[in-house]
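# A structural walkthrough
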Amino acid sequence: MRQLIARRLLQVIPMLFFISIICFGLIKLAPGDPVLSFVTPNMHLEDIERMRHSLGLDQPAYVQYVLWLKKSLTGDLGYSLINHQPVLDQILDRLPATAGLMGASIILAVLIAIPLGLLAAANRNRWIDKLINLMSYIGISVPLFWLGILLIYLFAIYLHWLPSTGMRTIGTDSVLDVLKHGILPCFVLAFSFLSVYVRYIRSSTITQLKEEYVQIQYAFGSGKRLVLFRHVLKHVLLPIITLLGMSAADLVAGAIVTETVFSWPGIGSLGMTAVKGMDYPVIMGITLFSALFLILGNLLADILYSIADPRIKSTR
Amino acid sequence: MRRNGIGVLVLMVLMLVVSACSGGNSGTSSATDGSTSNADATTADNGQPKDGGSLIIGVQSDPVVLNPNYAGDRVSLTIDQAIFAPLFQVNNGKKTFYLADSLTPSADKLTYTLKLKKNLTWHDGEKLTADDVVFTINKILDEKQHSFLRSNFIINGKPVQVSKVDDTTVEFKLPQAAPAFEATLVQVSPIPKHIFENEADIEKSTKNNTPVGSGPFKFKEYKTGEYITLERFDNYFGGKPHLDSVTYRIVKDSNAASLALQNGEINVNYVDPQNVDTIKATGKFDIYPYSEGRLAYLMFNENSDTKQLNKKEVRQALSYALNQDELIQVSYGSKDYADTAKSALTQDVLYHTNDVPFFNNDVNKAKELLKSAGAEGLKLRIIIPGGNKVQEAQALYIQQKFKDIGVQLDVNSMDSSAWSQKFVDTNAKDFDLAISGYIMGYDPDAYRILYSTGSSSNYSHYSNKEVDKLLEEGAGESDTTKRGEIYKKVQEMLADDAVIYPIAYTKTIVAFDKQYGGIEQAVLKPVVIFEDLSKIYHK
C-alpha cells in the first residue's frame, strides 16, 4: 500500500509539469491581451507598452514560462495581473469556500442517490422506476446555470425562503447563516452528478439482484428490504468509491458554473474572473490546483478501494 | 450503518427545515426591512433626511485596486468615489468643489492656483494639506509608479510643474496654455502622503488593501469575492453622511444580480433595458436612466483591405442605408434609454452640437453614391463581441439594411477579448466595420486622440489635415468663443466626412430602492453612480 501511494505521488510531479506546459501554451494561443482590460480611451500607446513591459508580457512565451516555472518551484505562483495580489494567497483564501461546497454536495448527492437507485432497482419497470429514470434523464440534460436561476426564482424571489447570492449575510459570520446560503448552490452542484449516481446504483443493484447469494437469501426466507440493505448495498457501495474519484472533474466544472450563478466566493468564480481578464498567473495557479485535486481525488479513490477490497492490491 | 445513514438523512432534512423556517426572517432581511421602512417612508418623504441604516450597492467584480491613481475599472472607480474625495467635480457643465475651495487660472492661463478647504482630515485623523496634493501629482508624474493618469499631465511633451505655496495652496505651472487642464484635475483624488511616502511601488503596495481616504465613507472590511463594507466618516468636510455604512456586494452574473435585486438583497444596481419592466413590477424600485456621456457608434475601418471605406462617398452611402430611429428601437427598446446622436462628440462635451450633416435613411441616395464611387456589390465584414445583445441586434439590423443597397455584410461575432484586441490593433485590415462606444469626458480636446491623423486611438484611420489643424488649435485656444467655433467646425467636418455613424448617446439605467432618498443631492454620475454618497439617506 505504501509503495502504491509513494509511486502514485511521484507520478504527480511530471503530470503537473506536463499540465502546466499545456495550460501555458493554450493561454498563449488564446486570443486577447490582458493589458487591454486596463486600456482607457485617453491612454497613450507608450503607457500601454510600459504596462506590458512592467508585467513581463513583452518577453517571448518560453521565457515567460521558464520564469513562471522557476518561481512556482519555490512555491511562489506569482502575482495577479489584474489586482497584483499573490496568486497563492488568493487561491488559499477561496479554497475553504469551494471545499465546503464540494464536500457538502458529494454527501448530498450520495445520500439522495443511494435510496433512489435502490428504490428504482427494487421496483424495476414499475411506475416508480420509470419516474426515477425520467428524473435522471432530466437531471443529466438540465444546464446547471439554468437550474440555479430557476431555484433562485422559486426559493428566493417567490417563496422568500432562502438568500440568492453570496456565502453569508453581510457582516454575519454565523454557521447557520452560511448553511442557509449554501443550500441552493450545494443542491445545484450535487445535481450535476446525482443523476449519474442514481443510474449507476440502479443498474449495479439490478445486476447484484441476479446473483446467486441473493437467491440463497430469498430461499432462506429473508425479506426484500433486508436483502437489499444488508447484502446488496455493500456490493453496490464499493464501485461508488471509484465513481466518486471520477466525479472530481465534474465537481470542478460544476463548481465554476455554480459559484458564478450564486456569487459563491470560491475558486470557481475566481477562475471565471481570471479567464475573462486573461489573468495568466491566476489561471495557471487554479489549473494546477484543479489538476492536483483531480489526481489526488483519483488516488484517494484507489486507496479506499484497495482498503475496501483487498483483492485489488494483488492485481496492481 | 443503516441507522447512521438514516440519522444523517434526517439531520440534513432537519437542517433544511430549520434553514427554511429561519429564512423567512433573516434570509430576506432586506425585503422584510423594506416593508417596515416603506411605512416610515411616508413620514420621511415630508420631513428631514433620517440618519442611520446601510445601503447595499451591487457591483460586477472585485475592485482591481483601491487607489485613485491606478483605478481604471468601473468597480474600483465606484468604490474610490466614496473613499477618496476629489478636488472638484464637473457634471453637466456645473462645477462642484469638494476638497478644493477654488481653482483660479492666471491671465495667461499658464498658472493655476488651487486653494484647499481648511481643516481637512484623512480618515486616520491626520491633516490633509497641500503636501498631499503635491505628493499625489508628483507620484502620478513619476514614470516608475505607472499611474494611468500620467499622460494627462504631460502637455506637448513636457510635464506640468506642481508646487506648494502654503498649507492650503497649490500652484500648477503649465508648459503651454491647455484649456483641457481643468478636465485633467477632475480625475485627481489626492492620496495620503504620510501613508505612501516610503513606498517604492505604490501600485503594488499592501497599503492599498486598507485604504485611507478623505471621502464620506471609510474602509471597514473586504471579503474577496463577497463584499466591501465602508462606514461613515464623521469628520467628512461635507458634513456627516446620513448612512452608517455602505456595502458593495459583488455579484458577477448579471442574471443573478437582477434576481438579488428583486429579492431585496441589493438596494442599488445597474439594470439592462430588457429587465426594467421586471424590476419595476416588484414595486420596490425607482428607475433612473441617466446619460454617461457615451456614444455608441458604427466605425468604418478606412484601413481595411477592401480599400473602399477610405472613400467618403462610400461611408456616406452606408450611412444613408440606415435608419437611426429603427436602429435605436431594435437595440435599446425605446428612446428612453438612448438619445439621438448626430455629432461624434457627446452631449455633455463643451461646445457640443447636433446641428451637423447627417446621412440617414435614403436608399436611393445611397445607391447613387455607391455607383458614383464605383463601389457597387460591396462585400464587407463587421466584428462584434459575442454575448453583447445590443451590438448583436445592431449588427443584424445593419446587415439587413445594407442588403437593400446591394451590400453584403458578414457578421463576425468574436470572443470579447479577441474582439478588443482586433479593434485596437491599428494594423488590422481584415474587417471593415465594428460597433463600439466611448466615454471621453467633458473637454473636447480628449477627442484629439480619436480623430487626429496617426494618433494612438485613431482606430478608424481617419485622416483630414484640416481637422488635425483645428484639433491642435482647439487644444491651445484660451478664448472660449473662438474655441467654441473651432469645435463646431470640427464636428461638422467629422460628420460630413462620415468618419463614423453615430448610433446613440446611450443611457445607463440604475434601479434605486424606494426605501432610500437623497438621490438628487447625491447626483447620478457616469461610471461611479453617485457623485456624493454622503447625501443618500434611509427614509
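Residues numbered from 1 in each chain as written. Chains lettered and ligands numbered in written order. Predicted model: local features only at pLDDT ≥ 70, side-chain atom pairs only at ≥ 80, totals over all residues. Heavy atoms only, no water.

### So, the overall build of chain B
When helices and strands are tallied, chain B shows 17 helices and 23 strands. Here chain B has a C-alpha radius of gyration of 26 Å; the compact-globule value for 539 residues is 24 Å, and the two agree. Each of the three principal axes of chain B carries a C-alpha extent, and together these read 80 × 70 × 55 Å. Classification of the 539 residues of chain B by burial places 55% in the buried group. Intrachain contacts of chain B at a sequence separation of at least 6 include 69% that bridge at least 24 residues. Approximately 21800 Å² of chain B is accessible, and the part contributed by carbon and sulfur atoms is 48%. (Helix = DSSP H or I, 4+ residues; strand = E, 2+ residues; numbered from the N terminus. Rg over C-alpha atoms; globule rule 2.2 N^0.38 Å. Buried < 20%, exposed > 50% of the residue type's maximum accessible area, 1.4 Å probe, protein only. Contact = heavy atoms within 4.5 Å. Areas by Shrake-Rupley, 256 points an atom, 1.4 Å probe, with all protein chains shown as cover.)

### Structural notes on the domain arrangement of chain A
Residue and element names in this part refer to chain A. As assigned here, chain A comprises domain 1 (1-74) and domain 2 (94-312). The partner domain 2 presents 17 residues to the 22 residues of domain 1 that form the contact. Summed over both partners, the interface of domain 1 with domain 2 comes to about 1700 Å²; 84% of that surface belongs to carbon and sulfur atoms. In this structure, Asp 302 engages Arg 8 in a salt bridge whose closest nitrogen and oxygen atoms are separated by 2.5 Å. (Domains from an automatic or database assignment. Buried area = accessible area lost by both parts, 1.4 Å probe. Salt bridge = Lys/Arg side-chain N within 4 Å of Asp/Glu carboxyl O.)

### Some points on the interface of chain A and chain B
In this complex, chain A contributes 55 residues to the contact, which on the side of chain B involves 62 residues. Summing both sides of the interface, chain A and chain B together bury roughly 5000 Å²; the carbon and sulfur share of this comes to 60%. Linking chain A with chain B are two salt bridges. In this structure, Glu 226 of chain B and Arg 168 of chain A form a salt bridge, with 2.8 Å as the shortest nitrogen-oxygen distance. Viewed at the interface, chain B and chain A are joined by 10 residue pairs in polar contact (both at pLDDT 80 or more). Listing elements by their share of the side of chain A that touches chain B, those giving two or more residues are α2 (45-54), α4 (87-122), α6 (144-158), α7 (175-209), α9 (224-262) and α10 (267-276) of chain A. Its residues assigned to classes, the side of chain A that touches chain B shows 28 nonpolar, 17 polar and 10 charged. (Polar contact = N/O pair within 3.5 Å; in protein donor to acceptor, adjacent residues only side chain to side chain. Nonpolar A, V, L, I, M, F, W, Y, C, P; charged D, E, K, R; others polar.)

### With respect to unusual backbone geometry
For Ser 263 of chain A, which is not glycine, the phi dihedral falls at a positive 50 degrees. Tracing the backbone shows Ser 263 of chain A in the loop between α9 and α10. Despite not being glycine, Asn 361 of chain B has its phi angle at roughly 55 degrees, a positive value. Along the chain, the position of Asn 361 of chain B falls in the loop between β15 (338-340) and α11 (363-372). Among the residues examined, Asn 361 of chain B registers a relative accessible area of 38% and is labelled partly exposed.

### Remarks on the UniProt feature "domain: Solute-binding protein family" (unreviewed entry) in chain B
The UniProt record marks residues 99-458 of chain B with the feature "domain: Solute-binding protein family" (unreviewed entry), using the residue numbering of this structure. A helix fraction of 26% and a strand fraction of 25% characterise residues 99-458 of chain B, whose end C-alpha atoms lie 36 Å from each other. (UniProt positions renumbered as here; feature names shortened; annotations may be inferred.)

### Considering the UniProt feature "transmembrane region" (unreviewed entry) in chain A
All names here are of chain A. Those places that UniProt annotates as "transmembrane region" (unreviewed entry) correspond, in this numbering, to residues 12-30, 101-122, 134-161, 181-200, 236-262 and 282-308. Annotated as 82% helix and 0% strand, the span residues 134-161 places its first and last C-alpha atoms 28 Å apart. Annotated as 100% helix and 0% strand, the span residues 181-200 places its first and last C-alpha atoms 30 Å apart.

### Describing the confidence of the model for chain B
Averaged over all residues, the pLDDT of chain B equals 87, while 91% of them reach at least 70. Ignoring residues within four places in sequence, the model shows residues 1-45 of chain B, a span with pLDDT below 50, making 47 contacts including any to other chains. (pLDDT = per-residue confidence, 0-100.)

### As for the pairing of strand β9 (residues 169-173) of chain B
Residue and element names in this part refer to chain B. Alignment of strand β5 (residues 111-116) against β9, held across five bridges, turns out to be antiparallel. Its bridge partner being in β9, Leu 114 is matched across the sheet by Val 170. Hairpin remark: strand β8 (residues 161-166) followed by β9, antiparallel, with two residues in the connecting loop. (Pairing = 2+ DSSP bridges.)

### Remarks on the sheet that holds β9 of chain B
One key point about sheets: their strands pair by backbone hydrogen bonds, in either a parallel or an antiparallel sense. Residue and element names in this part refer to chain B. Reading across from one edge, β4-β5-β9-β8 is the order of the four strands in this open sheet, with antiparallel pairing throughout. With partners counted over all chains shown, the strands left at the sheet margins are β4 (100-105) and β8, one partner each. Here the strands of the sheet are splayed against their neighbours by 20 degrees on average, with no regard to which way each runs. Taken together, the five bridges between β8 and β9 define a ladder with antiparallel strand orientation. Counterpart to Ser 163 in the pairing with β9 is Glu 171. With respect to the sheet, helix α4 (residues 130-141) is in contact with β5, β8 and β9, its orientation differing from that of β8 by roughly 175 degrees. (Axes fitted to C-alpha atoms, helices over the stretch in contact; angles between N-to-C directions.)

### Thoughts on the confidence of the model for chain A
In regions of low pLDDT, the predicted coordinates are not meant to be interpreted in detail. When pLDDT is averaged along chain A, the result is 86, and 95% of the positions lie at 70 or above. Per-element averaging of pLDDT across chain A places helix α12 (residues 311-314) of chain A at the bottom with 57 and α4 of chain A at the top with 92.

### Brief notes about the nonpolar core
Ranked by internal contacts, the top residues of the largest apolar core, which has 73 residues, are Leu 87, Phe 172, Phe 530 and Leu 533 of chain B. Counting residues per element, this core draws most heavily on α4 of chain B, which supplies seven residues. Residues within four places of Phe 172 of chain B in sequence aside, it is in contact with Leu 110, Thr 111, Tyr 112, Leu 114, Val 133, Ile 137, Val 160, Gln 161, Val 162, Phe 181 and Leu 185 of chain B. Membership of the second largest hydrophobic core comes to 49 residues, among which are Val 110, Val 188, Val 236 and Val 252 of chain A. (Core = buried A, V, L, I, M, F, W, Y, C linked by side-chain atoms within 4.5 Å.)

### Side note on the pairing of strand β1 (residues 54-59) of chain B
All names here are of chain B. In terms of burial, β1 is largely enclosed, as five of its six residues are buried. In terms of strand pairing, β1 meets strand β12 (residues 245-250) through six bridges, oriented parallel. Across the sheet, residue Ile 57 finds its bridge partner in β12, namely Tyr 248.

### What to know about the UniProt feature "domain: ABC transmembrane type-1" (unreviewed entry) in chain A
UniProt records the feature "domain: ABC transmembrane type-1" (unreviewed entry) for residues 95-305 of chain A in the present numbering. Between the C-alpha atoms that bound residues 95-305 of chain A there is a distance of 27 Å. The span itself is 83% helix and 0% strand.

### Looking at the pattern of salt bridges
Residues and elements named next belong to chain B. All told, the structure shown has 30 salt bridges over all chains when counted by the stated rule. We note a salt bridge from Asp 167 to Lys 164, for which the minimum N-O separation is 3.1 Å. According to the relative accessible area criterion, Asp 167 is partly exposed, its value standing at 44%. With relative accessibility at 37%, the residue Lys 164 sits in the partly exposed group.

### Description of the side chain of Glu 203 of chain B
Here Glu 203 of chain B is to be found in the loop between α6 (193-196) and β10 (217-223). Here Glu 203 of chain B sits buried without a salt bridge, and the closest side chain of opposite charge, Lys 204 of chain B, lies 5.6 Å off (N-O distance). A distance of 3.2 Å separates polar atoms of two side chains, one belonging to Glu 203 of chain B and the other to His 84 of chain A. Each residue touching Glu 203 of chain B, except ones within four places of it in the same chain, is listed here: His 84 of chain A together with Val 65, Tyr 70, Gln 145, His 146 and Asn 208 of chain B. (Lys, Arg positive; Asp, Glu negative; His and termini not counted.)

### Some points on helix α5 (residues 127-141) of chain A
The periodicity of an α-helix, 3.6 residues per turn, causes residues three or four places apart in sequence to face the same way. Counted at 1.5 Å a residue, the expected span for α5 of chain A with its 15 residues is 21 Å, and the 21 Å between its end C-alpha atoms agrees. Buried residues along α5 of chain A sit in contact with α4 and α7 of chain A. (Expected span 1.5 Å × (residues − 1).)

### Some details on the packing of α4 of chain A against α7 of chain A
Residues and elements named next belong to chain A. Close contact between α4 and α7 brings their axes to 6 Å; oriented N to C, the two are set at 35 degrees. α7 is crossed by α4, and the crossing has right-handed handedness. Class assignment for the residues of the contact of α4 with α7 results in 26 nonpolar, three polar and one charged. (Left-handed = near helix turned anticlockwise from the far one by under 90°.)

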